[in-house]
Amino acid sequence: MIDVNFQLKGSAITVVVLAIIRYEPKSLVEELKEKIAQAPQFFVNSPVLINLDKLENPESLKKVADLLTICRELDLQPLGFSGVPDVLLAPVNKTGLAILPTPSERALKLPKQEAPAAETVVERVVETVVETVVETVIEERLVQRQSKVITRPVRSGQQIYAEGADLIVLAQVSEGAEVLADGHIHIYGTLRGRALAGVRGDESARIFCQQMEAELVSVAGNFVLQDSLPKELFKKPVQVSLQGEKVVVDALVSS
Amino acid sequence: MAKIIVVTSGKGGVGKTTSSAAISTGLAMRGHKTVVIDFDVGLRNLDLIMGCERRVVYDFVNVVKGESTLNQALIKDKRTEGLYVLPASQTRDKDALTREGVEAVINELSKDFEYIVCDSPAGIEQGALMALYFADIAIVVTNPEVSSVRDSDRILGILQSKSRRAEQNLEPIKEHLLLTRYNPVRVEAGEMLSVNDVEEILAIPLLGVIPESEAVLKASNQGTPVILDEATQAGQAYNDAVDRLLGKDIPHRFLEAEKKSFLKRLLGV
């Protein structure tokens, strides 16, 4: 038997950040749908943090609830907001979702305003809170997730996802199989299936494979199909990277 | 402990039952006491290929449900010493098999037999999963044709993830490729995948190549496993495959088209 009713733990989760640049409900829905259609399985019930830091027209977002409805209808789960401009603080507060500090401002903003009225004891508490926050951030940066290593062939119908890490496959990836990673993907065999690197938006992610026969390769949601691959690189060792919004396939030449 | 062999493919009609009958017969002929189980509940076929359809009284489902004993349901093969058939039920469906029930039957058979050959139904549903779950060895039957190869690849993935050995983190199932209905003439004409093509895609060791042969159809209709017909290429190829399964290293045959003799070419036959 456990004699306590709860435990407090710290945990870091990966969320998709939806940074709104201009808020126009109609075009936003369409653009979102298009993006989701590129990789539907990653967005289903995906937690989303709405960032309003870059919002050009804050006035238009007075009805924040509408934006949340849009997200939920697209099967996204809004967790909270960050970078909320002052004009929107009140309406955002009403939604009941969390308001998270953007990395640059941390948690300092709110407590400071109340400082003149507060007693020294309170101030000390605030200080310690701030300290721990900073500590956790440092810790997150140091911890590196272990790459996922697969030693057996990835067969048709199998899907392997290296969450928050690189994926290394020491065998072939069959036609109809799918390998995904938040980081790079290395395949030391033939790639006949689909490989999607940087699925949470890391545009610097790359795919390396020994023999290129892929059905589809994608970096950060931008993809190319087999038909669009350069013919001369078919069945050759290649690397796939993103240059701008274009997925580029290059020969892997050992010097 | 008996070795449990599943004969599987994903795709239907590629020769699973023919191969199950041939391989179990071949093992028994070499002195290994063998039982072959038909897992295709509802679409019973193995009894026909083995030529014992008129001797089926109780079946696999009866035993699983405790309605008969194992000995009542096992049919002793009349041609081959040490070979037994456990037929499927024709009237039930695949949900009639429970994992606990199948496990109990397999454990019971393990005491008496050296090899248990499980003839899997097509597909990747309940019936097929049940047939492969307990396997130590898998024989993946494939035709030299793209859809069959893809389905075999899928079933290999399932062997790796949904079998008992996978779930309990034991040593993985030993996988073997059995290429059936191989026609070297059509391969040379580019109409059929070659052995090398299939081996490259599936990347598992090749157990044997069974040439396309009229003898197979004839043997099926007569209820005689084709392996017993040693005059035919298919029969010889199955015998080679069984020898390889038992660890012999013998070269593959029947991979090249037969060169027509001058006289035959002249006569146009």
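Please read all numbers here as calculations on a predicted model, not as lab measurements.

## Notes on helix 7 (residues 146-162) of chain B
All names here are of chain B.
- The terminal C-alpha atoms of helix 7, which comprises 17 residues, lie 24 Å apart, in line with the 24 Å expected from a rise of 1.5 Å per residue.
- Those residues of helix 7 that fall on the buried side of the exposure criterion are S148, V149, S152, D153, I155, L156, G157, I158, L159 and Q160.
- At its buried positions, helix 7 is contacted by strand 1 (3-8), helix 6 (126-133), strand 6 (137-142), helix 8 (164-167), strand 7 (174-182) and helix 10 (195-202).

## Structural notes on the interface of chain A and chain B
- Chain A puts eleven residues into the contact, and the matching count from chain B is 14 residues.
- Here chain A meets chain B over a buried area of about 1,100 Å², counting both sides, of which 33% is carbon and sulfur.
- When residues of chain A are sorted by the area they lose upon contact with chain B, R152, R155 and S156 of chain A head the list and together hold 51% of the total.
- Across the contact surface, chain A and chain B share four salt bridges.
- In this structure, the salt-bridge partner of E200 of chain B is R192 of chain A, at a minimum N-O distance of 3.4 Å.
- Applying the counting criterion to the chain A and chain B interface returns eight residue pairs in polar contact (both at pLDDT 80 or more).

## Some words on the sheet that holds strand 5 (residues 148-150) of chain A
Residues and elements named next belong to chain A.
- With mixed pairing, the six strands of this open sheet are ordered in space as 5-7-9-11-14-15. Lying at the two open borders of the sheet, with one neighbouring strand each, are strand 5 and strand 15 (246-251). Averaged over neighbouring strand pairs, the angle between their axes works out to 20° when direction is ignored.

## Comments concerning a negative patch on the surface
- Side chains of E24, E30, E31 and E34 of chain A sit close together on the surface and give a patch of like negative charge.
- Taking the relative accessible area as the measure of exposure, E31 of chain A reaches 54% and is therefore exposed.

## Description of the packing of aromatic side chains
Residues and elements named next belong to chain B.
- Considering all chains together, one arrives at three aromatic pairs over all chains under this definition.
- With 4.9 Å between their ring centres and 85° between their planes, Y133 and F134 make a pair best called edge-to-face. Of the two residues, Y133 and F134, neither departs from the other in class, the shared state being buried.
- It is K33 that lies over the ring of F113; its NZ or CZ is 4.9 Å from the centre.

## Considerations on the state of the cysteines
Residue and element names in this part refer to chain B.
- Under the defined criterion, the tally for this structure stands at zero disulfides over all chains.
- No disulfide involves C52; its sulfur sits 16 Å from that of C118, the nearest cysteine.
- Overall, the relative accessible area of 3% leaves C52 in the buried class.

## Quick look at the UniProt feature "domain: CobQ/CobB/MinD/ParA nucleotide binding" (unreviewed entry) in chain B
- UniProt records the feature "domain: CobQ/CobB/MinD/ParA nucleotide binding" (unreviewed entry) for residues 5-226 of chain B in the present numbering.
- As annotated, residues 5-226 of chain B has a helix share of 41% and a strand share of 18%, and its two end C-alpha atoms lie 19 Å apart.

## Some details on the sheet that holds strand 6 (residues 159-162) of chain A
Residues and elements named next belong to chain A.
- With mixed pairing, five strands are arranged side by side in an open sheet as 6-8-10-12-13. Since the sheet does not close on itself, it has two edges, and those belong to strand 6 and strand 13 (222-225), each with one partner. Ignoring strand direction, the axes of neighbouring strands in this sheet form an average angle of 10°.
- Two elements, strand 8 (residues 178-181) and strand 10 (residues 194-197), share three bridges in a ladder whose sense is parallel.

## Section: the environment of D250 of chain A
- For D250 of chain A, the location among the structural elements is in strand 15.
- With sequence-adjacent residues up to four places away left out, D250 of chain A is seen in contact with L233, P237, V238, Q239 and Q243 of chain A.

## Remarks on the confidence of the model for chain B
- Across chain B, pLDDT averages 94, with 96% of residues at or above 70.
- Interface scoring of the predicted complex returns ipTM 0.80; its pTM is 0.70.

## Let's talk about the environment of R244 of chain B
All names here are of chain B.
- Note that R244 resides in helix 12 (residues 233-245).
- Judged by its relative accessible area of 13%, R244 is buried.
- Measuring from C-alpha to C-alpha, the distance between R244 and L206 comes to 9.4 Å, with 38 residues separating the pair along the chain.
- Among all residues touching R244, those that are not within four sequence positions of it are L207, G208, I250, P251 and H252.
- In terms of polar contacts, R244 uses its side chain to reach the backbone carbonyl oxygen of P251, at 3.1 Å.

Basis of the calculations
Residues numbered from 1 in each chain as written. Chains lettered and ligands numbered in written order. Predicted model: local features only at pLDDT ≥ 70, side-chain atom pairs only at ≥ 80, totals over all residues. Heavy atoms only, no water. Helix = DSSP H or I, 4+ residues; strand = E, 2+ residues; numbered from the N terminus. Expected span 1.5 Å × (residues − 1). Buried < 20%, exposed > 50% of the residue type's maximum accessible area, 1.4 Å probe, protein only. Contact = heavy atoms within 4.5 Å. Buried area = accessible area lost by both parts, 1.4 Å probe. Salt bridge = Lys/Arg side-chain N within 4 Å of Asp/Glu carboxyl O. Polar contact = N/O pair within 3.5 Å; in protein donor to acceptor, adjacent residues only side chain to side chain. Pairing = 2+ DSSP bridges. Axes fitted to C-alpha atoms, helices over the stretch in contact; angles between N-to-C directions. Patch = residues over 30% accessible without salt bridge, like charges linked within 9 Å, V, L, I, M, F, W, Y side chains within 5 Å. Areas by Shrake-Rupley, 256 points an atom, 1.4 Å probe, with all protein chains shown as cover. Lys, Arg positive; Asp, Glu negative; His and termini not counted. Charge placed at Lys NZ, Arg CZ, Asp CG, Glu CD. Phe/Tyr/Trp six-rings, centres within 6.5 Å; stacked < 30°, edge-to-face > 60°. Lys NZ or Arg CZ within 6 Å of the ring centre and 35° of its normal. Disulfide = S-S within 2.5 Å. UniProt positions renumbered as here; feature names shortened; annotations may be inferred. pLDDT = per-residue confidence, 0-100.

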